[in-house]
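A closer look at the structure
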Amino acid sequence: MSLMTEIVGTVQGHRDGHGFVISDDGEINVYVPPQEMRSVMHRDRVKVRVLRFDRKGRPEGQVLEILERRKTPIIGRLLHEGGAWLVAPEDRRFGQDILIPAKGIANAEPGQVVSVELTEVPSLHAQPVGRVVEVLGGIDDPGMEIEIAVRKYEVPHQFNEDVLAQAAKLPEKLRPADRKNRIDLTDVPLVTIDGEDARDFDDAVYCEPVKVGRSKTPNGWRLLVAIADVSHYVKPGEPLDRDAYERATSVYFPRRVIPMLPEKLSNGLCSLNPDVDRLSMVCDMLVTAEGEVHAYQFFPAVICSHARLTYTEVAAILGNTRGPEAQRRGDLVPHLLHLHEVYRALLKSRATRGAVDFETTETQIVCDDNGRIAKIVPRVRTEAHRLIEEAMLAANVCSADFISKAKQPSLYRVHEGPTPEKRTLLKNYLKALGLGLSISDEPTPGEFQALAQASKDRPDAQQIHTMLLRSMQQAIYTPANSGHFGLAYEAYTHFTSPIRRYPDLLVHRVIKALLGSGRYILKLPPVESSVSRFKARPGKGGMMPAKALPKVPAKVAARIKLPPEEAAAWETAGIHCSANERRADEASRDVEAWLKCMFMRERLGEEYGGTVSTVTSFGLFVHLDGLYVEGLIHITELGGEYFRFDEARQELRGERSGVRYAVGARVRVQVSRVDLDSRKIDFRLVKDGEDQSSGAGGARRRGRGSDAPGRSGASAQDELADVQRLDRETKRAAKRVGGGENVKGQVGGKKGKARADRDAPASAGRGGSVAAGRVSVGGKTSRKR
């Protein structure tokens with residue numbers, strides 16, 4: 001790329017006024033200064049010309065032409081200021097308030113949340129003008145955060161009339177015609193095992209000991225995984241299919257789910273409810289004592305779930321086969337024990353192939369009757385969770401193997417290893433830690449697992465595992481199979497959740513076509529596709545007709561070996577499903593962040609202990625003990641000196657005092673500010689008082705030998721005393737060196753936070769937003785691989 005190069009892409013605004021143009025192939029980000037952003041809005045499609053490069057070689061450009069204006073309504077709060085009505089967009093990336101004529105407020109009141117349609121686009125000299133098309137209600141109304149999120153992220157949350165009409169015509173129960181050409185497994189005691197709050201049940205399991213090979217005694221297991229046969233009811237080209245493809249996934253919020261399919265299917269016909277006959281696709285596997293799948297077969301069946309079990313209940317039964325839970329389920333206990341046995345065998349296979357298994361803390365938001373957070377609790381991952389996860393993984397691997405051997409196109413779940421940049425960063429981090437372990441230039445999953453095992457007993461294990469996770473790429477759906485790095489599989493796909501994931505529905509269709517000695521030809525439903533926000537150019541009105549399908553990259557085309565139009569259809573489906581999965585994650589995180597801001601707004605001024613979870617050039621993200629909420633200590637709050645960001649060590653270091661704040665450091669903070677609009681929680685570092693847990697000095701010395709807290713034989717009280725002593729010494733040294741000088745902290749040598757945020761589009765990273773690690777909110781999040 002050179003000066004005067006012209007790039008076509010989509011605008012990504014930034015709350016500080018500047019923006020970026022993301023090229024259609026996703027490879028180039030062109031910085032657009034605030035002045036240029038006045039005439040465009042977030043998610044407009046434009047052509048820019050590269051005018052210059054900054055000192056790091058990043059392109060800066062000028063908007064030449066606006067190719068397409070985003071037509072979807074904008075959500076914001078209606079304000080009345082200085083006699084004028086305006087709407088402040090909920091999504092700060094839009095950058096400008098929208099003027100509303102007095103006759104266009106639609107009886108909305110100041111402070112209410114509204115949806116606005118633009119009537120006049122912005123220009124260099126004028127703000128955008130619009131009119132209110134929907135009044136959502138007051139900002140504090142129960143459930144308002146979800147109403148905002150589904151519109152802000154354009155999540156389809158209402159089914160079209162033709163979809164509901166088609167669903168209404170479906171039968172209430174199985175008909176004789178539905179049972180044709182299916183194996184009757186209604187007498188097999190399959191059971192569903194899910195969370196207490198689950199409403200749809202798309203998988204049931206059963207296991208029994210069998211002889212594998214020529215053995216005369218049972219030496220393995222027969223494992224059945226039965227999955228709801230959604231493809232029997234949702235046919236290509238019909239309204240149900242069009243809507244399911246447009247959504248691509250169900251979206252889970254605290255206390256509410258936006259389903260991919262209407263309730264009659266998701267909670268009725270396609271849900272494996274207990275004691276009713278249901279259609280299913282079955283993966284029937286023979287598993288050896290070493291956990292290897294010796295043989296498998298797929299077939300359509302009719303099943304009847306013999307019980308709806310919960311993870312808690314099954315874990316209790318496995319832990320005590322004579323307890324009250326086991327007494328209630330006496331006839332099922334032997335089968336559950338067999339499931340546990342095959343799970344233990346599958347774990348052996350996991351260890352043999354070197355799959356990565358990090359110990360992370362999942363949390364669950366518990367809401368009160370008004371939809372506000374009552375508490376945030378850790379979600380305990382029991383043997384029952386792991387049992388189901390391993391069974392689902394086995395079925396997914398079999399489906400990928402079945403499809404790949406037949407050389408049939410499909411969507412694989414691909415997870416590639418670290419990029420060269422992330423690999424170098426991880427190497428430097430591990431070297432700075434002094435672990436004595438590193439990764440090779442072509443790392444394997446086994447190397448990551450070895451690092452996880454070697455560090456699991458360290459005080460900073462959670463932080464090391466977090467860095468390992470961050471070094472990996474995001475899993476995507478694609479027709480080009482390149483394996484799953486984290487799970488150490490050569491081929492992996494999603495087969496087990498067609499009620500809530502469209503790629504699983506496609507996999508079912510492909511398998512059915514293969515069982516019928518046919519070939520499944522993918523024809524995409526004519527819907528507005530989120531591909532346009534990533535790699536493909538949309539057609540007129542955002543539609544995705546065949547002529548507008550993206551050109552398949554050469555490396556992808558070489559691997560899938562399909563006619564161009566068919567290859568483009570599969571590639572488009574993969575991009576669309578991956579994009580909508582990310583959209584669902586963003587919407588869920590936005591709601592969780594809103595709820596946490598409301599939760600912490602009542603705790604302003606309170607002090608808490610916490611751990612530094614992330615270090616950036618502009619400050620420290622701190623995870624609070626017990627509350628499972630994260631906030632930011634801005635670098636200007638760290639004291640009167642210059643702090644330098646050490647990327648390799650993931651720490652901020654004071655140049656004058658030598659004080660270090662690294663990932664894993666224990667700090668004590670005060671909740672100083674909560675900004676609901678930007679979903680930010682700010683902390684102030686508490687510097688005085690004996691109650692402060694570990695400071696930067698303690699974190700700096702951890703793991704350095706016999707002097708470090710955590711040495712063999714030391715009690716928890718001794719460790720705490722050592723940490724406090726080191727902290728006091730560090731603070732006294734800082735005071736002696738500092739001499740009372742009051743110099744504000746700076747951001748990586750550049751003045752102002754806006755310049756620090758210039759390094760990348762803020763929406764793609766942490767960007768100062770609140771978070772709390774992985775949050776599970778009413779589904780099977782742990783199975784999302």
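Here's a quick rundown of the structure. A quick note: this is a predicted structure, and the numbers were derived from the prediction, not measured.

The rules behind the values
Residues numbered from 1 in each chain as written. Predicted model: local features only at pLDDT ≥ 70, side-chain atom pairs only at ≥ 80, totals over all residues. Heavy atoms only, no water. Pairing = 2+ DSSP bridges. Helix = DSSP H or I, 4+ residues; strand = E, 2+ residues; numbered from the N terminus. Contact = heavy atoms within 4.5 Å. Axes fitted to C-alpha atoms, helices over the stretch in contact; angles between N-to-C directions. Buried < 20%, exposed > 50% of the residue type's maximum accessible area, 1.4 Å probe, protein only. Parallel < 35°, antiparallel > 145°, perpendicular 65-115°, else oblique. Nonpolar A, V, L, I, M, F, W, Y, C, P; charged D, E, K, R; others polar. Salt bridge = Lys/Arg side-chain N within 4 Å of Asp/Glu carboxyl O. Core = buried A, V, L, I, M, F, W, Y, C linked by side-chain atoms within 4.5 Å. Arc of directions from axis to C-beta. Phe/Tyr/Trp six-rings, centres within 6.5 Å; stacked < 30°, edge-to-face > 60°.

Brief notes about the sheet that holds strand 13 (residues 203–210)
Sheet strands line up and pair through hydrogen bonds in the backbone, either parallel or antiparallel. The mixed open sheet is built from five strands, whose spatial order is 11-18-17-14-13. At either margin of the open sheet sits one strand with a lone partner, and together these are strand 11 (183–184) and strand 13. Two strands pair when backbone bridges link them, and strand 17 (residues 277–288) and strand 18 (residues 293–304) are joined in this way by eleven bridges, in the antiparallel orientation. Considered in strand 18, the bridge of D284 is made with Q297. In the packing of helix 9 (residues 383–405) onto the sheet, the strands contacted are strand 13, strand 14 (220–228), strand 17 and strand 18, and the crossing angle to strand 18 comes to about 105°.

Looking at the pairing of strand 31 (residues 680–685)
Extensive coverage of strand 31 is indicated by the burial of five of its six residues. Note: strand 30 (residues 666–675) against strand 31, six bridges, orientation antiparallel. Residue pairing across strands places R673 opposite D682, the latter belonging to strand 31. Connecting the antiparallel pair strand 30 and strand 31 is a turn made up of four residues, with R679 showing a positive phi of about 60°.

Side note on the packing of helix 6 (residues 311–319) against helix 9
Two elements in contact, helix 6 and helix 9, have axes whose closest approach is 7 Å; the angle formed by their N-to-C orientations is 105°. Here helix 6 is positioned roughly perpendicular relative to helix 9, judged by the angle of their axes. Contact with helix 6, carried on its side by Y311, V314, A315 and L318, involves E383, A384, H385, L387 and I388 of helix 9 and no other residues of that element. A class-by-class count of the residues in the contact of helix 6 with helix 9 yields seven nonpolar, one polar and one charged.

Examining the pattern of salt bridges
Note that side chains of opposite charge can pair when their charged atoms are close. All chains considered together, the criterion is met by 51 salt bridges. Note that D401 and K405 form a salt bridge whose closest N and O atoms lie 3.2 Å from each other. Taken as a pair, D401 and K405 lie in helix 9 at a separation of four residues, close to a single helical turn. A residue is classified by how much of its surface remains accessible, and D401, at 23% relative accessible area, is partly exposed. A salt bridge links E655 to R644; its shortest N-O distance comes to 2.7 Å. Of the two residues, E655 sits in the loop between strand 28 (651–654) and strand 29 (660–662) while R644 sits in strand 27 (residues 643–646), which places them eleven residues apart along the sequence. The class of E655 is partly exposed, set by a relative accessible area of 47%. Three or more residues joined by partner-sharing salt bridges are found here, namely D646, R649, E651, R653 and R660.

Focus: the side chain of D91
Counting through the fold element by element, D91 comes out in the loop between strand 7 (84–89) and strand 8 (98–100). Under the relative-accessibility criterion, D91 is labelled buried at 8%. Once you skip the residues sitting within four places of it in the chain, D91 turns out to touch H42, I75 and K152.

Focus: the environment of H42
Residue position: H42 is located in the loop between helix 1 (34–37) and strand 4 (45–53). When its relative accessible area of 4% is taken as the criterion, H42 is described as buried. The sequence separation of H42 and F94 amounts to 52 residues, and the corresponding C-alpha distance is 5.0 Å. When near neighbours in sequence (up to four residues on either side) are disregarded, H42 contacts V11, Q12, G13, R70, D91, R93 and F94.

As for the nonpolar core
One broad trend across soluble globular proteins is that nonpolar side chains are buried collectively. Membership of the largest hydrophobic core comes to 94 residues, with the highest contact counts inside it found for I193, V205, L223, V225, L265, M285 and F495. Of all the elements, helix 9 adds the most residues to this core, at ten residues. Beyond its immediate sequence surroundings of up to four residues, L265 is in contact with L170, Y233, V234, L240, C270 and S271. The next biggest cluster of nonpolar side chains, apart from the first, holds 53 residues, and it includes V113, A149, A584 and Y661.

Details of the sheet that holds strand 28
Reading across the sheet, the three strands line up as 27-28-29 and stay open at both edges, with antiparallel pairing between neighbours. Strands at the two margins of the open sheet, each flanked by one partner only, are strand 27 and strand 29. Each adjacent strand pair in this sheet contributes to an overall mean axis angle of 20°, direction not counted. Pairing of strand 27 with strand 28, which is carried by four bridges, proceeds in the antiparallel orientation.

Notes on helix 11 (residues 445–455)
For the α-helix, the turn length of 3.6 residues means that residues three or four positions removed from each other point alike. Where helix 11 is concerned, the buried positions are P445, F448, Q449, L451, A452 and S455. Projected onto a plane normal to the axis of helix 11, the buried residues spread over an arc of 155° and lie on a single side.

Section: the packing of aromatic side chains
This structure, assessed with the given rule, holds ten aromatic pairs. Both rings, one in F298 and one in F495, keep their centres 5.4 Å apart while their planes meet at 75°; by these two values the pair is edge-to-face. With a gap of 197 residues between them, F298 in strand 18 and F495 in the loop between strand 23 (476–478) and helix 13 (502–515) connect regions that are remote in the sequence. There is no split in this pair, since F298 and F495 are both buried.

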